[in-house]
Amino acid sequence: MGPKYSFVIPIFNEEATILELYRRLNVVMDQLDGEVELILVNDGSRDRSLALIRDLHAQDSRVCYLSLARNFGHQVAVTAGLNFARGHAVVILDADLQDPPELIPKMVSQWQQGYEVVYAQRTQRHQEGWFKRFTAFVFYRVLRQLADVDIPTDTGDFCLMDRRVVDILNAMPERNRYLRGLRSWIGFRQTAVPFERDPRFAGEVKYTFHKSLGLAINGLVSFSKVPLRLSTYLGLFAAVVAIAMAILVIYWRVFYPKSPLTGYAVIAVAIFFLGAVQLFSIGILGEYIGRIYEEVKNRPLYTLAEVGGFTTEGALNVSGDRGS
Ligand code: UDP
Ligand code: MG
């Protein structure tokens, strides 16, 4: 008999938070009605994280770990953890205690009432800068408008998923893993548990603006074709403007043949405008083509350097084919 619950936690340079995380999770694990496995996924940390994780594993048999061979990024680290999770219900949470572990029993009770996916929805973010809050606010709403699937606003990766959902997620072949989108795409009965997002317990934010932007673009491009259509619309708009200008020029020539056609400025603006539209459109195309390229290469999503608490059968599985 395997564990009833799996907690998957990605860790990138979190030496300052791991012990506190473990302490708070311990309290939660004691409250649950079944055995828990704690899967710590070291995402190429360069600090003492891995050493701390090994220690925990040695002390507590419930702690298992995977160590990726380099930093593959948050979404991939979580994916690796999901590949190995054995529980009937799998919880994903951040290591920095921004996702309060104390919420897990509430999620579990919703799961027991029959929901296959229980996601945590932020009602408030404490002590995150206005810029992050503002951009996140706008992004989640734009995404909701544009995406083909209904991705609930203000939800991150903090969630509980039933084994059926995890199995489907694991079988999905795509390399671009925008997990909160894939989770919505899968369907089943889903529900939200509201929570207030705490400030990070310690250490620095690992998601730089650059990484967050990357994640946001990824979400948009993976779940919407609207940006592609945008260049069509821009093209149409430019064509209408061009035709109107042509008519204007002819009119000018016919009725005011003496006056020279002036307007260097207009020409310069038009050239820059069209240049911008074209580069922008090519950029959007590039986003999609780049993703096709990623998918076609068909590389494994990650490489594993070390595994603790799992049989090597699983490990071979992952680095070989996609762990199906
Ligand atoms: N993380 C990771 N790999 C990365 C960046 C982050 O595994 O390349 C982990 C990090 O250790 C933390 C979680 O992902 O557990 C969320 O990171 P962070 O708190 O920095 O992001 P934010 O809270 O701003 O979304
Ligand atoms: Mg955080």
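Provided above is the structure to which this section pertains.
Heads up: these notes are all about the structure in this document.

With respect to the pattern of salt bridges
Counted by the stated rule, this structure contains 17 salt bridges. In this structure, Asp 154 and Arg 141 form a salt bridge, with 3.1 Å as the shortest nitrogen-oxygen distance. Of this pair, Asp 154 sits in the loop between helix 5 (130-146) and strand 6 (155-162) while Arg 141 sits in helix 5, placing them 13 residues apart in sequence. As a salt-bridge pair, Glu 295 and Arg 175 come within 3.9 Å of each other at their nearest N and O atoms. In this pair, Glu 295 sits in helix 10 (residues 264-297) while Arg 175 sits in the loop between helix 6 (163-171) and helix 7 (179-186), placing the two residues 120 residues apart along the sequence. A relative accessible area of 11% places Arg 175 in the buried class.

Here we look at the packing of helix 9 (residues 226-255) against helix 10
Relative orientation of the contacting elements helix 9 and helix 10 amounts to 160 degrees, with a least axis distance of 9 Å. By the angle between their directions, the pair helix 9 and helix 10 is classed as roughly antiparallel. Of the two possible hands of crossing, helix 9 and helix 10 adopt the one that is left-handed. Together, Pro 227, Leu 228, Leu 230, Ser 231, Leu 234, Phe 237, Ala 238 and Met 245 of helix 9 and Val 266, Phe 273, Leu 274, Val 277, Phe 280, Ser 281, Ile 284, Leu 285 and Tyr 288 of helix 10 make up the contact between the two elements. Taken together, the residues of the contact of helix 9 with helix 10 sort by class into 15 nonpolar, 2 polar and no charged.

Thoughts on unusual backbone geometry
You will see that Phe 188, though not glycine, has its phi angle at about 65 degrees, which is positive. With respect to the element layout, Phe 188 can be found in the loop between helix 7 and strand 7 (190-197). The class for Phe 188 is partly exposed, based on a relative accessible area of 35%.

A few points about the environment of Phe 310
Here Phe 310 lies in the loop between strand 8 (304-308) and helix 11 (312-319). The class for Phe 310 is buried, based on a relative accessible area of 12%. Spatially, the C-alpha atoms of Phe 310 and Tyr 65 are 8.0 Å apart, while their sequence positions differ by 245 residues. Each residue touching Phe 310, except ones within four places of it in the same chain, is listed here: Glu 37, Ile 39, Cys 64, Tyr 65, Leu 66, Phe 84 and Arg 86.

Focus on the packing of aromatic side chains
One pass over the full model with this rule turns up 6 aromatic pairs. Ring centres of Phe 158 and Phe 195 lie 5.6 Å apart, and the angle between their planes is 80 degrees; this geometry places the pair in the edge-to-face category. Of the two residues, Phe 158 is situated in strand 6 and Phe 195 in strand 7; the sequence distance between them amounts to 37 residues. By relative accessible area, Phe 195 is classed as buried at 6%. For Arg 70, the ring lying beneath its charged end belongs to Phe 72, and the centroid distance is 3.9 Å. Residue placement shows Arg 141 over the ring face of Phe 137; its charged tip is 3.8 Å from the ring centre.

Thoughts on helix 2 (residues 49-59)
Of all the residues in helix 2, the buried ones are Ser 49, Leu 50, Leu 52, Ile 53 and Leu 56. Burial along helix 2 is one-sided: seen end-on, the buried residues are contained in an arc of 160 degrees. Opposite the buried face of helix 2, by more than 90 degrees, sit the exposed residues Ala 58 and Gln 59. Those residues of helix 2 that are buried are in contact with strand 1 (5-11), helix 1 (18-31), strand 2 (36-42), strand 3 (63-68) and strand 8.

A short note on the coordination of the magnesium ion (ligand 2)
The protein atoms that coordinate the magnesium ion (ligand 2) are Asp 96 (OD) and Gln 98 (OE1), at distances spanning 1.9 Å. For Gln 98, a relative accessible area of 8% puts it in the buried group.

How each quantity is defined
Residues numbered from 1 in each chain as written. Chains lettered and ligands numbered in written order. Predicted model: local features only at pLDDT ≥ 70, side-chain atom pairs only at ≥ 80, totals over all residues. Heavy atoms only, no water. Salt bridge = Lys/Arg side-chain N within 4 Å of Asp/Glu carboxyl O. Helix = DSSP H or I, 4+ residues; strand = E, 2+ residues; numbered from the N terminus. Buried < 20%, exposed > 50% of the residue type's maximum accessible area, 1.4 Å probe, protein only. Axes fitted to C-alpha atoms, helices over the stretch in contact; angles between N-to-C directions. Parallel < 35°, antiparallel > 145°, perpendicular 65-115°, else oblique. Left-handed = near helix turned anticlockwise from the far one by under 90°. Contact = heavy atoms within 4.5 Å. Nonpolar A, V, L, I, M, F, W, Y, C, P; charged D, E, K, R; others polar. Phe/Tyr/Trp six-rings, centres within 6.5 Å; stacked < 30°, edge-to-face > 60°. Lys NZ or Arg CZ within 6 Å of the ring centre and 35° of its normal. Arc of directions from axis to C-beta. Donors = N, O, S within 2.8 Å, 3.2 Å for Na, K, Ca; no water.

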